[in-house]
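For reference, the chains in residue letters:
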Amino acid sequence: MNRPIVDARGLHKHFGALHVLKGVDLRVAERELVFVIGPSGSGKSTLLRCLNRLEEPSSGSVVVDGIDMLDPRTDINHARQRIGMVFQSFNLYPHMTALGNVTLALRKVAGKSRASADALGKAALERVGLADRAGHTPGQLSGGQQQRVAIARSIALEPRVMLFDEPTSALDPELVGSVLEVMRSLRESGMTMIVVSHEMGFARNAADRVVFMDEGSIVEQGPPAAIFEHPAHERTRSFIGQIQQH
Amino acid sequence: MIQTFFNPEIIAASWPIVMAGLRNTVLLSLLVVPLGLIGGLILALLASVKNPALRWPLMAWVDFFRAFPPLVLLILLFAGLPFAGLELGGFVCVAVAFFLNTGAYYGEILRAGIDSVPAGQVEAARSTGLSRLQAMAYVVLPQAVRNVLPDLLSNTLEVVKLTSLGSVVAVPELLYQARQAQSITYNPTPIVVAAIVYFLMLWPVVRLLSRLENRAFAGR
Amino acid sequence: MRGNLDRFVDTFFNATVMLKYLPDILSGVVVTIELALFIVVTGIAAGLALALLRSLGIRPLNWLIIGIVDLFRSLPPLVVIVLIYFGLPSVDLSPSGFVSTWLSLALVLMAFSEEIFWAGITSVAKGQWEAARSTGLSFGQTLMNVVLPQAFRLTIPPLTNRTIAITKGTALGTVVAVTEILGQASSAMSNSYNPSPLMMGAAAYVVLFFPVVVAARWVETKFAWKR
Ligand SMILES: Nc1ncnc2c1ncn2[C@@H]1O[C@H](COP(=O)(O)OP(=O)(O)OP(=O)(O)O)[C@@H](O)[C@H]1O
Ligand SMILES: [Mg+2]
């Protein structure tokens, strides 16, 4: 792997007495899609949140696109613009329109004028197929549409990496497809992505690499076919067995 | 009865005095409501830092002013401070007392509003690069204020009513002026007029509030 | 620096003055407590009575109740006190300052507590009424055994807050010569040309009301409606 765009080494995270990450190393190449699976409580969300420092790692290092995220001299707000994040519960701002959600950081962090922020915001909404919903508030949108607006909010900032934390888990089954569709097109445009999800079908045909986490450590990783068909570890095997029963 | 409480001649004679009082009550409210809101915002922002070292002092500050009668605070400033060589005058005393007293109440309301906004909102904002302060200003506060609007309005009503305390330290607001007119005319009519003016001015707010409150209760 | 501090203490916490006027302040404390208890008991009882009357659903009566409640929510308490104290003598009723303050603040508390009780009663779902009545409970039994217990839970936090805010208003009595804490402290201050009695009075209020506020906060979290 020549210079990885995400380079996390020896990450540990404690919540009080709870040891949630136990020395995780994760390197992600440019344009790679890494899919993270693992049982509930294994630390997947915590790992993602350490990458953009929503959570402060207890020790270890995180370098994203050459920027040391844990260096106190790093302008964290500037750095975070290059790392998009999509949440399970969308977290759209309910008091703003879809366009308002997408343009807030463009105006306040990137310092764009309202006109150019609006133009960029509309283009981002176009990419997720919601150009016609720019004036709607989150309450007027379906769950799938809300999640696509949330994706637009991130991609409008032209991030170098996108983090997805169970982006489809809160959606009704019939709405999942539209969100996965957007994620697939993002991948095709060359976006580097780290995805925590239970959508195994998506993992099989879109992921470059699957990472299995358990109890705060990466147990094994490899191409989707290898992990799903021939897991090397017993824990991986039983987890995949459980998932596939559904 | 009408001659006593609603004497037309006395109404006519005291009208300009009482109206001057009304004007001052409105001006005073326009000063002390923003002052209280600023005080409250400072307290709520400090509380939102969630620093345990700040938690107890802030709570004690708020509870102190919830316990302390505003009139006593006002008298303390007006009659007590001169002994320390600090003579502030009735008007400034009212402003300071309201900043402290109503600031504590507004602060408690705004804090509850901020707490009512889900943590995911801040996380989403921070993940797009907004600073802590920007996330507060553009994402959290607008939602917080909307969530506690009835409480803010209700407190504002109380603040406007509380401006009548100004009469005790010779600030020429509505009640003070009415009492002046009463002592000149030896007739309670001016005070009745002042009461009617207060009622007409604040009744619409009371109506609105009881509708909002009933809706809030029913929504639970 | 030392001299300044001494002078400050000597002015604001003068031991001689404090000792001399301590009995006055203490008698003020007694008056404040009496006044507060009278206001709380009568005000809340009257408010509850009005709310129960309102639940009978008699139209003209309800309008009257709403009118009274709105009136005393709109008027500043001090205005009500002044009106009763200075107004009623003109019709040959001369309530004392104590009675004027008591009556005024009880009316104000009545208005606010009626509103709170009423909101509590209406928030109890209609299905609760119907379920209880269908088992043969009377109107009164349903009210007492089913509706009010649920309503009280909702009303306690706003009611305690409002009661504290209005009870603190006993200090307003000083405007109509009630010899409660502030009144005693003020006259002691002008007699002694020294602010120490006022500091004592202020301390007395804190001692009286601070525990109540802390207790209210505790009650508030305990009874907070789980949403
Ligand atoms: N802020 C926090 N404070 C304390 N404990 C936390 C906190 N956040 C997470 N944890 C704990 O850390 C552990 C890992 O949590 P994490 O959310 O990373 O798991 P996950 O793999 O994402 O699980 P899921 O699949 O359920 O989302 C859990 O035991 C969780 O309870
Ligand atoms: Mg998770």
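Above this text is the structure in question.
Residues numbered from 1 in each chain as written. Chains lettered and ligands numbered in written order. Predicted model: local features only at pLDDT ≥ 70, side-chain atom pairs only at ≥ 80, totals over all residues. Heavy atoms only, no water.

Student: Quick rundown of the overall build of chain B? Include the residues and the values.
Tutor: What chain B contains, in helices and strands, is 10 helices and 0 strands. With the C-alpha coordinates aligned to their principal axes, the bounding extent of chain B is approximately 70 × 50 × 25 Å. Of the contacts formed within chain B by residues at least 6 apart in sequence, a portion of 77% connects residues at least 24 apart. As displayed, chain B has an accessible area near 9,700 Å², and 70% of this comes from carbon and sulfur atoms. Separation of charge centres in chain B, based on 14 positive and 10 negative side chains, amounts to 8 Å. (Helix = DSSP H or I, 4+ residues; strand = E, 2+ residues; numbered from the N terminus. Contact = heavy atoms within 4.5 Å. Areas by Shrake-Rupley, 256 points an atom, 1.4 Å probe, with all protein chains shown as cover. Lys, Arg positive; Asp, Glu negative; His and termini not counted. Charge placed at Lys NZ, Arg CZ, Asp CG, Glu CD.)

Student: I'd like a description of the interface of chain B and chain A, backed by residues and values.
Tutor: It is common to give the size of an interface as the accessible area that goes away when the parts come together. Each partner contributes residues to the interface: chain B has 17 residues there, and chain A has 21 residues. Here chain B and chain A share an interface that buries about 1,700 Å² over both sides, 56% of which is from carbon and sulfur atoms. Where chain B touches chain A, the interface holds 1 salt bridge. Here R49(A) makes a salt bridge to E123(B), at a shortest N to O gap of 2.8 Å. Counting across the chain B and chain A interface gives 8 residue pairs in polar contact (both at pLDDT 80 or more). Elements supplying a minimum of two residues to the side of chain B that touches chain A: α6 (119–127) and α7 (132–147) of chain B. The element best represented in the side of chain B that touches chain A is α6(B), accounting for 7 residues. Taken together, the residues of the side of chain B that touches chain A break down into 6 nonpolar, 8 polar and 3 charged. (Buried area = accessible area lost by both parts, 1.4 Å probe. Salt bridge = Lys/Arg side-chain N within 4 Å of Asp/Glu carboxyl O. Polar contact = N/O pair within 3.5 Å; in protein donor to acceptor, adjacent residues only side chain to side chain. Nonpolar A, V, L, I, M, F, W, Y, C, P; charged D, E, K, R; others polar.)

Student: Pulling in residues and values, what's your account of the packing of helix α3 (residues 52–67) of chain B against helix α5 (residues 89–115) of chain B?
Tutor: Residue and element names in this part refer to chain B. The geometry of α3 relative to α5 is characterised by a closest axis approach of 9 Å and an angle of 120° between their N-to-C directions. Between α3 and α5, the interaxial angle falls into the category oblique. As α3 runs across α5, the sense of the crossing is left-handed. Counted together, W61, V62, F65 and R66 of α3 and L100, N101, A104, Y105 and E108 of α5 form the full contact between these two elements. Residues of the contact of α3 with α5, tallied by class, amount to 6 nonpolar, 1 polar and 2 charged. (Axes fitted to C-alpha atoms, helices over the stretch in contact; angles between N-to-C directions. Parallel < 35°, antiparallel > 145°, perpendicular 65-115°, else oblique. Left-handed = near helix turned anticlockwise from the far one by under 90°.)

Student: I'd like a rundown of the side chain of N77(A), residues and numbers included.
Tutor: By the element assignment, N77(A) lies in helix α2 (residues 76–80). Taking the relative accessible area as the measure of exposure, N77(A) reaches 17% and is therefore buried. The contact partners of N77(A), leaving out residues within four places of it in the chain, are V109(A), R126(B), G129(B), L130(B) and S131(B). (Buried < 20%, exposed > 50% of the residue type's maximum accessible area, 1.4 Å probe, protein only.)

Student: Could you give me a rundown of the sheet that holds strand β6 (residues 83–86) of chain A, with the residues and numbers involved?
Tutor: Through backbone hydrogen bonds, the strands of a sheet pair up, either in parallel or in antiparallel fashion. Residues and elements named next belong to chain A. Across the sheet, 6 strands lie side by side as β6-β7-β8-β3-β9-β10; this open sheet has mixed pairing. With partners counted over all chains shown, the strands left at the sheet margins are β6 and β10 (217–222), one partner each. Within this sheet the neighbouring strands show an average axis-to-axis angle of 20°, counted without direction. Pairing analysis gives 5 bridges linking strand β7 (residues 161–165) to strand β8 (residues 192–196), with the strands arranged parallel. Across the sheet, the residue bridging to D165 is V196, located in β8. Sheet contacts for helix α6 (residues 173–188): β3 (33–37), β7 and β8; angle to β8, the most-contacted strand, approximately 150°. (Pairing = 2+ DSSP bridges.)

Student: Give me the pairing of strand β4 (residues 59–64) of chain A: which residues, what numbers.
Tutor: Within a regular strand, side chains alternate between the sheet's two faces. Residue and element names in this part refer to chain A. Bridge count for strand β1 (residues 6–15) against β4 is 5 bridges, and the pairing is antiparallel. If you follow V6 over to β4, its bridge partner there is V64. As judged from the 2 bridges shared by β4 and strand β5 (residues 67–68), these two strands associate in the antiparallel manner. Bridge pairing in β5 places V64 opposite I67.

Student: Outline the interface of chain B and chain C, supporting the account with residue identities and numerical values.
Tutor: Taken together, the contacts link 53 residues of chain B with 53 residues of chain C. Taken together, the connections running from chain B to chain C amount to 4 salt bridges. D63(B) serves as the salt-bridge partner of R217(C), at 2.9 Å between the closest nitrogen and oxygen. In this structure, the connection of chain B to chain C is made through 10 residue pairs in polar contact (both at pLDDT 80 or more). Broken down by secondary-structure element, the contributors of at least two residues to the side of chain B that touches chain C are α1 (2–5), α3, α4 (70–80), α5, α8 (149–162), α9 (174–185) and α10 (189–218) of chain B. Looking at the side of chain B that touches chain C, the element that brings in the most residues is α10(B), giving 14 residues. A class-by-class count of the residues in the side of chain B that touches chain C yields 34 nonpolar, 9 polar and 10 charged.

Student: Give me the environment of I243(A): which residues, what numbers.
Tutor: Residue and element names in this part refer to chain A. Tracing the chain through its elements places I243 in helix α9 (residues 234–245). Taking C-alpha positions, I243 is 9.9 Å from G38, a pair spaced 205 residues apart along the chain. Other than its neighbours up to four places away in sequence, I243 contacts H198 and M200.

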